[in-house]
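Listed below are the residues making up each chain.
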Amino acid sequence: MAVLPEYYLLLSAAVFCIGLFGVLTRRNALFFLMSVELMLNAGNINLVAFSLYYSNLTGQVFALFGMALAAAEVAVGIGIILVLYRNFGDIDVTEAVTMRW
Amino acid sequence: MAGIFDYAPAIALLPLVSFLIALFLGPRMPKKGALAGIVATGGSLVLSVLTLVTLAGPAEPHHQELYTFVTGAGDALSLTFGILIDPLSALMLVIVSLIAFLVHIFSLGYMNDEGEIGLPRYYAGLGLFTFSMLSFVFADNLLMAFMFFELVGLCSFLLIGFWFREDGPPSGAKKAFLVTRFGDYFFLIGVVAVLATFGTSAFAGDDSFVHMAEAAVLGDGGSEIRTFFGLGPQAWFTVVGLLVLGGVMGKSAQFPLHTWLPDAMEGPTPVSALIHAATMVAAGVYLVARMYGFYALSPTALAVIALIGGFTALFAATMGVVKQELKQVLAYSTISQYGYMMLALGGGGYVAAVFHLTTHAVFKALLFLGAGSVIIAMHHNENMWDMGGLKDRMRVTYLTFLSGSLALAGIVPFAGFWSKDEVLYETLVHGLGEAGGTSQPLLLLGFAMGLLAVFFTGFYTFRMVFLTFHGDPRSDTARDPEPVRWNVKFPLAVLGVGAAIVGFVNMGLLKNVLGDSILYLHTWLDGGVEGLNAHHYADVLHEAAGYSAASLSPFASGAVSLGLAILGVLVAWRLYGGADPDPHMQRLGSVRTLLMNNYYQDEFQVWLAQGVTVPIANAANTVDQVVVDGVVNGVSSASLFAAQRVRRIQSAVVTNNAALLTVAFVILLAFFALIGGWI
Amino acid sequence: MTSRPERVPFDRRLLPGIAAIALFALMAAVFLSADTATLVESWGFPQDASVVASIGAALIGIESAIPTESFVVALLIIAIALDAALDGALMLAKRDEESGGEPVADGGRGPHSDAETGTGGDR
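As a starting point, this report considers the structure included with it. Only a predicted model underlies this, so the values are computations on that prediction, with no experimental measurement involved. (Residues numbered from 1 in each chain as written. Chains lettered and ligands numbered in written order. Predicted model: local features only at pLDDT ≥ 70, side-chain atom pairs only at ≥ 80, totals over all residues. Heavy atoms only, no water.)

**Considering a negative patch on the surface**
Residues and elements named next belong to chain B.
Phase 1: A contiguous patch of negative charge, built from Glu166, Asp167, Glu266 and Glu325, is present on the exposed surface.
Phase 2: Locating Glu325 in the fold gives a position in the loop between helix 13 (299–320) and helix 14 (326–346).
Phase 3: Given the relative accessible area of 38%, Glu325 is considered partly exposed. (Patch = residues over 30% accessible without salt bridge, like charges linked within 9 Å, V, L, I, M, F, W, Y side chains within 5 Å. Areas by Shrake-Rupley, 256 points an atom, 1.4 Å probe, with all protein chains shown as cover. Salt bridge = Lys/Arg side-chain N within 4 Å of Asp/Glu carboxyl O. Lys, Arg positive; Asp, Glu negative; His and termini not counted. Charge placed at Lys NZ, Arg CZ, Asp CG, Glu CD. Helix = DSSP H or I, 4+ residues; strand = E, 2+ residues; numbered from the N terminus. Buried < 20%, exposed > 50% of the residue type's maximum accessible area, 1.4 Å probe, protein only.)

Below, the structure written as structure tokens:
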């Protein structure tokens, strides 16, 4: 009994929107990054699911690369948060608001 | 030789060449451009006389189109330059070039010998003026005439303000230009009206607007013309004629646009002789004569012209009797005499008007040049009360001036007598003719004013002569005047002889005695383009304007006007003829003040400019700044305000940007989902 | 003693989250109404092939039980990207020197700046 593809898509959409919810409401920059990670992983779920349904390994390899890139992005993100803390004294994203009108 | 018409453009172009020579090479020439001007105007004179002679032979009048400067597409009108040489224009060409030639010679004595500076500018101005005036004379359509009309106005401005470093001349030049320009504004509207109504502004030929207008009023050819404001053809032509009359009144210094001419006397006297006596002010009268077939269709316009002319003649003559400066008397005399010409035109005397134009050009130029001679002698002191006794010391000037004065006053057999008598006679007979209509009382009123002005003319003319030349000298300069040379005396002599004999070309008074063949001018003006000659005008006047001539002996009116003129001379002799005349005009008291202040016309016009026009201009300016600029500024400030509010979206909070992004994405996705049928 | 977890504040700051919920609702509507019958018919990998070994073989570009395209170039590029990310993180984490940082471009202060500028901000 196979799992219908719609449920995998639904799972992926749910994880993505949970991550999006976190991006929109979280004030702490580290939680912001975590939410971004969630969104990336939602995309990975999608890739792997369709790799199964199309009997093609490309999706899974691509998901591996995606994970690698997510890791790279987190590394740079942590560096940016460090510099943000140095300049503004707090990692609250709603405090760093100098590039405004 | 018919080939002379090929040289017709050269009549005007020769003075243009002398203008360029005087402008660019003048400072290096010995007489600063005078010789170029003399040669050029001499050449124009020769060509004009040859043209006149050719036309008097069996040659047809010459109508040539020179250049199309706007080509209308399809049925639209095109604007051209062209030449029309017919008896009227040939006569005027001779007059203009003769006076210009003599004035150039006189300028050698008045300007060069007196050591004036800036002479290249002077001779350049004279050359440009002569070119414009000659081009105006042989213009073949109204638009070209308007262009050169304006150009002569410009040259008048330049020449009046020749001594611009003093206070008077620039003010006089500006006033002349502005007052004539005010009239020319109406003229321009008239030109546009003619073009819009007829599609052409040509004077001559079957496709001229004069011919079309006659067809519309007298015949049945009213289909190609358009009238405006729901007026019938004759009423609309009256309106157009009155619009063009605005420019005529400005240029010919008729009331109320006469105020510039006395101030124009600030210019050099040769300029006054050329421009403000004989040629430029004649341009207005010449224009009406050129378009006479058009004006003859409208009795209202003719009555207005006659009334303005008669009134101006009397009005200016009364102002001339109290003036103390020589050129001022002559200026008011010019205004008055042009009033006579307008009276003649309005009264149906086309030949009389042209005749008076001719004789006046000769004797008024003579008087101005004579005044110039006196001014040289008196070291530029123009006040007549400082003169006296000059007749023994300046024989040639005195004799020629006397000839001119007799002509001006209208004493037989000098020129002015014949022409002024013709003017009054024509007005009288058309005023008394049967089946006249409403314009007849107006013609008779004009005649009465003109007749009364004859007395004043004789009086002020000989007041001027007696105060200047007779009696004992009243100042040292008058006792020992500076002698004048041949270049002053030669033009005076030529014009002096002219003033005596030019009247004989049309001795209307004697036509019942000697037969119609002695009316040479009338015969001359009867030739020419069909539709532009004197008997055609008489026909049109009779049919369209209802003018008919009463049969009256010319002796009667001639005797009355001669009597009035002699009476004026005798009164002047009685009051001013003695050895030491009193200033009798002082006894008039407040009347004299009124006349000396020119009936306060100048103050009135200044008030019109300052009291009426400036507030209107201020109101318009306020409307422009508050309303128009307010709308524009309001639009921009609304845009700025909206931008101020909209830019607050740019809060730098990252999550706000993300939220906006998400919302937009959702909306876009929903849109595509609905369109694409995903759901 | 640890402090309790921070409670999620249910206040106005959660309002932008509605956008995320709306997006989920939209995507759910689209996915659930999709027709995937053709997709379910033939799915899955051969039972006896090793999926992980094949993934590894694909990454380094050799043949394997489940044939797939070669990802060698992508592997190398990802390696470079990870290396670059590490260097970037290190560079960001370093403290900026307070004094002496030569600007790469000094705005044309004069001829003597050429002698000192050298290689700019690569320290």
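**Side note on the interface of chain B and chain C**
Phase 1: Counting residues at the interface gives 9 residues for chain B and 8 residues for chain C.
Phase 2: When chain B packs against chain C, the two sides together hide about 700 Å² of surface, and 88% of this comes from carbon and sulfur.
Phase 3: Of all residues in chain B, Val666(B), Trp678(B) and Ile679(B) bury the most surface against chain C, accounting for 50% of the area lost on that side.
Phase 4: Scanning the region where chain B abuts chain C turns up 0 salt bridges.
Phase 5: Linking chain B with chain C are 1 residue pair in polar contact (both at pLDDT 80 or more).
Phase 6: Across the side of chain B that touches chain C, the residue classes tally to 8 nonpolar, 1 polar and no charged. (Contact = heavy atoms within 4.5 Å. Buried area = accessible area lost by both parts, 1.4 Å probe. Polar contact = N/O pair within 3.5 Å; in protein donor to acceptor, adjacent residues only side chain to side chain. Nonpolar A, V, L, I, M, F, W, Y, C, P; charged D, E, K, R; others polar.)

**Notes on unusual backbone geometry**
Most peptide bonds are trans, and most residues other than glycine sit at a negative phi.
Residues and elements named next belong to chain B.
Phase 1: Across the junction of Phe255 and Pro256, the peptide omega takes the value -5 degrees, indicating a cis bond.
Phase 2: Examined against the element boundaries, Pro256 turns out to sit in the loop between helix 8 (233–251) and helix 9 (260–263).
Phase 3: The linkage connecting Val412 with the following residue, Pro413, adopts the cis geometry, with an omega of -5 degrees.
Phase 4: Secondary-structure assignment places Pro413 in the loop between helix 17 (395–409) and helix 18 (415–432).
Phase 5: Although it is not a glycine, His380 sits at a positive phi angle of roughly 65 degrees.
Phase 6: Its relative accessible area of 35% is what places His380 among the partly exposed residues.
Phase 7: Although it is not a glycine, Tyr600 adopts a positive phi angle of roughly 55 degrees.
Phase 8: As for its position among the elements, Tyr600 is in the loop between helix 26 (590–596) and helix 27 (601–646).

**Some remarks on the environment of Pro120(B)**
Residues and elements named next belong to chain B.
Phase 1: Along the chain, the position of Pro120 falls in helix 4 (residues 119–137).
Phase 2: By relative accessible area, which is 14% here, Pro120 ends up buried.
Phase 3: Taking the C-alpha atoms as reference, Pro120 lies 8.9 Å from Met29; in sequence the two are 91 residues apart.
Phase 4: In contact with Pro120, not counting residues within four places along its chain, are Ala22, Gly26, Pro27 and Lys32.

**Considerations on the environment of Ile4(B)**
Residues and elements named next belong to chain B.
Phase 1: Locating Ile4 in the fold gives a position in the segment before helix 1 (8–25).
Phase 2: With 122 residues separating them in the primary sequence, Ile4 and Leu126 have C-alpha atoms 25 Å apart.
Phase 3: If we skip the residues at most four places from it in the chain, Ile4 touches Leu47, Leu50, Thr51 and Thr54.

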